[in-house]
Each structure stands twice: as C-alpha cells, then as structure tokens.
Amino acid sequence: MTVGEKIQFYRKKIGLSQEALGQKLLVSRQTVSLWEMDKTLPTIDNLLRLKEIFLVSIDDILSEKNPTEENASPHEMEPKETYIFQYTKSDFQELFKKARFRLIKRAMIFSLICFMIFVFFAAIEANDMVIGLLLGYFLIGIISHIKFYFAYTKTWKSNASKTLQNIYSYKIFDGYFILNISKNDEITKSLKIYFDDIEKTQSFGNYLFLEIANQNYVIKKDFLVPDSVLLSFRKDPQKKHEMNKPKDKLKTISFLLLILSIGTIWFSLIGVGILTEINHKHMPENMWILFLFLPIPISSIIFGFYLKGKGYKYKANLIAGLIMVALLCIYGSFTFMFADTYSHSDEPILNTEKMLNIDIPIHSQITTQKYTNGMSYPRGSVYSTSDIYFKSSAVKDFEKNLPNDPKWMPSIPSNLVGITSYLCEITESDYYMIYNVNTGEFNTLPSKSGTYQFINLLYDTEKNAMKLIEYQIEYNA
C-alpha cells in the first residue's frame, strides 16, 4: 500500500473524516485529500502527529507493507470483551467527592507541616523576621491551595458537562484494548492502549481507575463481567512486577525532586535557625546557608529537561525548581545585602566601658546592628543595638558582683519605664542599667524636659548574654 492509502486506511479505521483529521492536525481537508491521493507527502511534524492519532509507528505509515490488521482473520479481530456506557451526573458527583477529599487532605497536611515548623522556631525563640517569613509562606501556600481548589472545581464542572455527552466504548483484545469516545454518533477520539502500558490500577467504590502515562481512565465496574481482564490487573502479582519499569522509576525520581525542591525553603530556614542559635549572629547574616540548598531545585530543573526529552511530563519539576532557585537566591543574598548593617567589632564594648566606667567581661561573640538615620519609634529613635555573648566561665565573678553593684537594677521601676528604649524587654532579663549620656546619671529621670541620649544595658544570667542599646528620647518632665 502507498503512504496515501495507509493514511486513508488508518483514518477510516478510527472513524475520522478527512475534515476531522485535518482539524486534529491543524491542516485543511484538501491537504489530507492530497496526501491520500499520493499527490503530496506529510511533513515530519505531521507524520509525528499522525503516529500519535493512529497509534502506529512512522514505519507503519511509510512502509509498503500492508497493515497487519488487514491480514488478520475475522476471529482474531473479534474483541474478547466489549463495553459501552455513558456517565451520569451521580457518577461525577461521587468521583468529585473523592477528588475533593484528596485536595482537602493535601491542604491539611501542608497546614500541619507549617504548624510544626512554626512551633519549632517559636521554641528556639526565632526573631520576628523568621516568624514573618514563615507566616508569609504559610499564607501564600493556603491562598494557592484555595485558588487551586476553586480552579479544580471549575475545571471539573466544565469537563463534567462535556463528558456527560460522550459515549465510551471499550473493546478488549489480547494484550491491548481500544477506547473509542464518540459524540453525536461520531468518534472524536480513539486510543489503542497496551496492557503493559497500564502503570497502576485503583478501585474506588464502583469505579476502576487505570493510570496510563499520567492519565486516568475511569471504568464503571458494574458494567464489567466478573472475570474481566481489567479487574485482574489489581490482583496479578506478575503485573505488579512488570510495572517496575524505568518510566516508573523516572516518575518516582520526579516526584521526590519535586517534593524536595518545594521543601528546600523550609529545610534551609531550619538550618538558618539552628546556625543562628549556635553562632548568635542575626538571621540575615546566616541566610547564605540557602545557597547550599541550590543543588536540589537545580537538579529538579535539569531532570525536568531530561523528562521533556523522554516525552514525559516535566513542567512541575521545571516550575518548582525555578521558583525555589529564585527564592533561595533572593533570600540567600540577604547576607550580602545586609553586610554593612552588622558589625562584630569590639568598639561598642570599649566605648561603653570608658563612658560608663564599668567592666564588661571578655565576650565570645558580639553582633552590632547600626541604624544610620536612627530607627524611629513613638518615644524617640534607636541608633544601634549590640548582642553580646559570654562563656559561663568568663562571667562568674561578674555575676557574683551584680547584686552589690548599685549601677545594676534587678528590675526596672515603673517610673523609669518611660526612659527605656522600646527594645528593652523589662520582664525577660535579670539586671538592667540606664545611663543618661547628656547628664552622666545612672537609672535616674532627667530633671527637665528635653532630648536625651541614653545607653540601656540588659543582662540575662541564664543565657550569659548582654544587650546594649544606644537611643534617643524626647522626655517631658
């Protein structure tokens, strides 16, 4: 047979007119007619599309051999089983409830994971920036789940109205089955599916789901005969063994990379929280850790292109990988963006010791955050904050002398609260000191109204940590 005769044979076999085939190929009916009369040949792109529509190889279309079905005996061409059915509204309602439950369960799992991570960071007393990032990510995730739920519902209802008009015909042969979908007595889609291509079978109530190339085909079980070959797939251990194919491994790897890519933002933030707890630096200084997690989403992107080359679904891996690479790079760059904001110099300690005529123990870590123009708040402005950490052995004598040092207060009297900085947590430290730079007085209210510079010291005996705050207050006597 010629190429044109082959195209005509396969077209009629699946019940398509020249015009219907042209619509699927995005060519005119006249073009299909010229092919079938052997006046022109299809392009490579059109041959690839014809292969998918006819469910044959390109060699089957181009070779001079007759199609194997032509030579088969009438007995061999008779289907072993035949089923014709149409879905009802109640079918779709039941299926939608099952699909909706999976969406709700996924949202609940996401919320639970977010809650557990939030509890973890609250337990290590993460700063407000970490909590803000987590809350923002949680809100984005919840909004995405809600949008997806409504979009899924809309798509489901739209597909339901179309599907209810279709008639589904399953013809079961040895080793494969043919699915014809028709509407108004015309076949709109025909698929030839080999049993070996069925990746998974699942039973939900009265419905049997066949998963093939990431597509689900639903069959009503009450239409099947008791010993139907379709029912045997979920019982056949040999079939389960055959399902362990390379493409199933690719699907597993794709899923794992997708989950790991989405989870990198959580894993990296946990790493930042742990490192912040260890080295006592501010969180933005430790955000460089996010760059260490870049190989995971980059692998997802590379694997996405690999799947694309193999003809599998790949967009989820690409999209998740690209989004996570962007987020990790943006947040990871905070370390460099805020590099000038933080300092680890001893200068604040030396200046404070000289100005206040006090001794501060040898520290193990100091992180100072300066505000060039001052950070304004209702009572004034903060110009710098220093978090100073000590080893327990270095503060033994210092802590022993604190109760007897009049410059240190075990608590802040109510009348002095008005001259503390807003960063002074008056209930969480063990000793406090307020120094008026302008008057040189300790722990005393100014005698007259005006603008005053203060240094506020807070010491925590449990954490062996001191906070030093330089600020300005507008005081009204």
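Bear in mind that the values here come from a model prediction, so they are computed numbers and not experimental data.

Caption draft 1: Looking closely at the pairing of strand β3 (residues 176–183). Most of β3 is tucked away: 7 of the 8 residues are buried. Judged from the 7 bridges that link them, strand β2 (residues 167–173) and β3 form a sheet pairing that is antiparallel. Looking at the pairing, Tyr170 lines up with Leu179 of β3. Taken together, β2 and the strand that follows it, β3, pair antiparallel across an intervening segment of 2 residues, in which Gly175 is found at a positive phi of about 85 degrees. Where β3 and strand β4 (residues 186–194) come together, 8 bridges link them in antiparallel fashion. Its bridge partner being in β4, Ser182 is matched across the sheet by Ile187.

Caption draft 2: Broad picture of the packing of aromatic side chains. A full pass over the atoms with the stated rule returns 15 aromatic pairs. Taken together, the aromatic side chains of Phe390, Phe398, Trp408 and Tyr459 make up a single cluster linked through ring pairs.

Caption draft 3: Layout of unusual backbone geometry. Positive phi is not limited to glycine here, since His280 has a value of about 60 degrees. Following the sequence through the fold, His280 ends up in the loop between α12 (246–279) and α13 (295–310). Its relative accessible area of 28% is what places His280 among the partly exposed residues. Not every positive phi belongs to a glycine, and Asn464 is a case in point at roughly 55 degrees. Within the element layout of this structure, Asn464 appears in the loop between β13 (450–460) and β14 (465–475).

Caption draft 4: Molecular detail of the sheet that holds β3. Overall, antiparallel pairing links the 4 strands, which are arranged β1-β2-β3-β4 in an open sheet. Pairing within the sheet leaves two strands with one partner each, and these edge strands are β1 (81–85) and β4. Strand-to-strand, the axes of this sheet are offset by a mean angle of 15 degrees, without reference to chain direction.

Caption draft 5: Region of interest: the packing of α13 against helix α14 (residues 315–332). Viewed as axis vectors pointing N to C, α13 and α14 meet at an angle of 155 degrees, and their least axial separation amounts to 8 Å. Judged on the interaxial angle alone, α14 and α13 are roughly antiparallel. The two elements α13 and α14 cross, and the hand of that crossing is left-handed. For the pair α13 and α14, contact is made by Pro297, Ile298, Ser300, Ile301, Gly304, Phe305 and Leu307 and by Asn317, Leu318, Gly321, Leu322, Met324, Val325 and Leu328, respectively. Taken together, the residues of the contact of α13 with α14 break down into 10 nonpolar, 4 polar and no charged.

Caption draft 6: How the structure looks around helix α16 (residues 347–356). What α16 keeps buried is the set Pro348, Ile349, Thr352 and Leu356. Down the axis of α16, the sector holding all buried residues measures 100 degrees, keeping them to one side. The exposed set on the far side of α16, more than 90 degrees from its buried face, consists of Leu350 and Lys354. Where α16 is buried, its residues meet β9 (365–377), β10 (380–389), β11 (431–436), β12 (441–442), β13 and β14. Asn357 occupies a position one or two residues after α16 and carries a positive phi of about 55 degrees.

Caption draft 7: Looking closely at the sheet that holds β9. The strand order across the open sheet formed by 7 strands is β8-β9-β10-β14-β13-β11-β12, and the pairing between neighbours is antiparallel. Strands at the two margins of the open sheet, each flanked by one partner only, are β8 (342–343) and β12. Two elements, β10 and β14, share 9 bridges in a ladder whose sense is antiparallel. Counterpart to Tyr389 in the pairing with β14 is Ala465.

Caption draft 8: How the structure looks around the pattern of salt bridges. The tally for this structure, following the rule as stated, stands at 2 salt bridges. Notably, a salt bridge pairs Arg11 with Glu36, separated by 2.6 Å at the nearest N-O pair. One end of the pair, Arg11, is in helix α1 (residues 3–13); the other, Glu36, is in helix α3 (residues 29–36), with 25 residues separating them in the sequence. Salt-bridge contacts for Asp387 lead to Lys467; the nearest nitrogen and oxygen are separated by 2.9 Å. Of this pair, Asp387 sits in strand β10 while Lys467 is found in strand β14, placing the two residues 80 residues apart along the sequence. Taking relative accessible area as the criterion, Lys467 reaches 23% and is therefore assigned partly exposed.

Caption draft 9: Structural detail: the environment of Leu139. For Leu139, the location among the structural elements is in helix α9 (residues 128–163). A residue is classified by how much of its surface remains accessible, and Leu139, at 45% relative accessible area, is partly exposed. Remark: the alpha-carbon pair of Leu139 and Ser190, spanning 51 residues in sequence, is separated by 44 Å.

Calculation criteria
Residues numbered from 1 in each chain as written. Predicted model: local features only at pLDDT ≥ 70, side-chain atom pairs only at ≥ 80, totals over all residues. Heavy atoms only, no water. Buried < 20%, exposed > 50% of the residue type's maximum accessible area, 1.4 Å probe, protein only. Helix = DSSP H or I, 4+ residues; strand = E, 2+ residues; numbered from the N terminus. Pairing = 2+ DSSP bridges. Phe/Tyr/Trp six-rings, centres within 6.5 Å; stacked < 30°, edge-to-face > 60°. Axes fitted to C-alpha atoms, helices over the stretch in contact; angles between N-to-C directions. Parallel < 35°, antiparallel > 145°, perpendicular 65-115°, else oblique. Left-handed = near helix turned anticlockwise from the far one by under 90°. Contact = heavy atoms within 4.5 Å. Nonpolar A, V, L, I, M, F, W, Y, C, P; charged D, E, K, R; others polar. Arc of directions from axis to C-beta. Salt bridge = Lys/Arg side-chain N within 4 Å of Asp/Glu carboxyl O.

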